[in-house]
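Chain by chain, the residues run as shown.
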Amino acid sequence: MYIPTDTEILEEQFILNKFKVIKQTYFIKQYDKAKLIVNNRNLSLNERKRRVNAIHSKMMKYFSIVNDKFIKKYGIKNLF
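This section reports on the structure supplied with the text. The model shown is predicted, which means the values in this text are computed figures rather than measured ones.

Of regular secondary structure, the chain possesses two helices and zero strands. Scored against the burial criterion, the 80 residues of the chain give a buried share of 22%. Taking the contacts inside the chain whose residues are at least 6 apart along the sequence as the reference set, 58% of them involve residues at least 24 apart. Carbon and sulfur atoms form 60% of the exposed surface of the chain, whose accessible area is close to 6,700 Å².

Written as structure tokens, this is what we have:
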């Protein structure tokens, strides 16, 4: 049975923290965009829903791509 060393554990934690920061900054940017759209009363309700749903789907695609890249690059299986 393989037991990782302390340095390997610390490196993995650093990588996971970096990964979480990337996702958090992207999420905050997209959240701010969606909030501006929701508060724009010049657009109809259906138009606002459509735009916010588009932002949400793009964000989910981005997260899945980033997850795949991190798994391939670092071989980390448990990202959450």
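Further remarks concern helix α1 (residues 6-39). Taking 1.5 Å of rise per residue, the 34 residues of α1 would be expected to cover 50 Å, and the 49 Å separating its terminal C-alpha atoms lies within 8% of that figure. Every buried residue of α1 is listed here: Ile15, Leu16, Phe19, Lys23, Tyr26, Gln30, Ala34 and Ile37.

Before going further, it helps to examine a nonpolar patch on the surface. Together, Phe27, Ile28 and Tyr31 line one region of the surface with nonpolar side chains, adding up to about 310 Å² of accessible area. On the secondary structure map, isoleucine 28 appears in helix α1.

Enumeration according to the criterion identifies two salt bridges in this entry. Notably, a salt bridge pairs arginine 50 with glutamate 47, separated by 2.5 Å at the nearest N-O pair. Here arginine 50 pairs with glutamate 47, and both are found in helix α2 (residues 45-74), just three residues apart, close to one helical turn. Among the salt bridges present, the one from glutamate 47 reaches arginine 51, with a minimum N-O distance of 2.9 Å. Residue glutamate 47 and its partner arginine 51 are both found in helix α2; the two are separated by four residues, about one turn of the helix. Residue class for glutamate 47 comes out partly exposed when judged on its relative accessible area of 22%. Taking the relative accessible area as the measure of exposure, arginine 51 reaches 33% and is therefore partly exposed. Among the ionic contacts, a cluster of salt bridges with common partners joins Glu47, Arg50 and Arg51.

About the thresholds
Residues numbered from 1 in each chain as written. Predicted model: local features only at pLDDT ≥ 70, side-chain atom pairs only at ≥ 80, totals over all residues. Heavy atoms only, no water. Helix = DSSP H or I, 4+ residues; strand = E, 2+ residues; numbered from the N terminus. Buried < 20%, exposed > 50% of the residue type's maximum accessible area, 1.4 Å probe, protein only. Contact = heavy atoms within 4.5 Å. Areas by Shrake-Rupley, 256 points an atom, 1.4 Å probe, with all protein chains shown as cover. Expected span 1.5 Å × (residues − 1). Patch = residues over 30% accessible without salt bridge, like charges linked within 9 Å, V, L, I, M, F, W, Y side chains within 5 Å. Salt bridge = Lys/Arg side-chain N within 4 Å of Asp/Glu carboxyl O.

So far we have only geometry, and geometry alone does not tell us how the molecule works.
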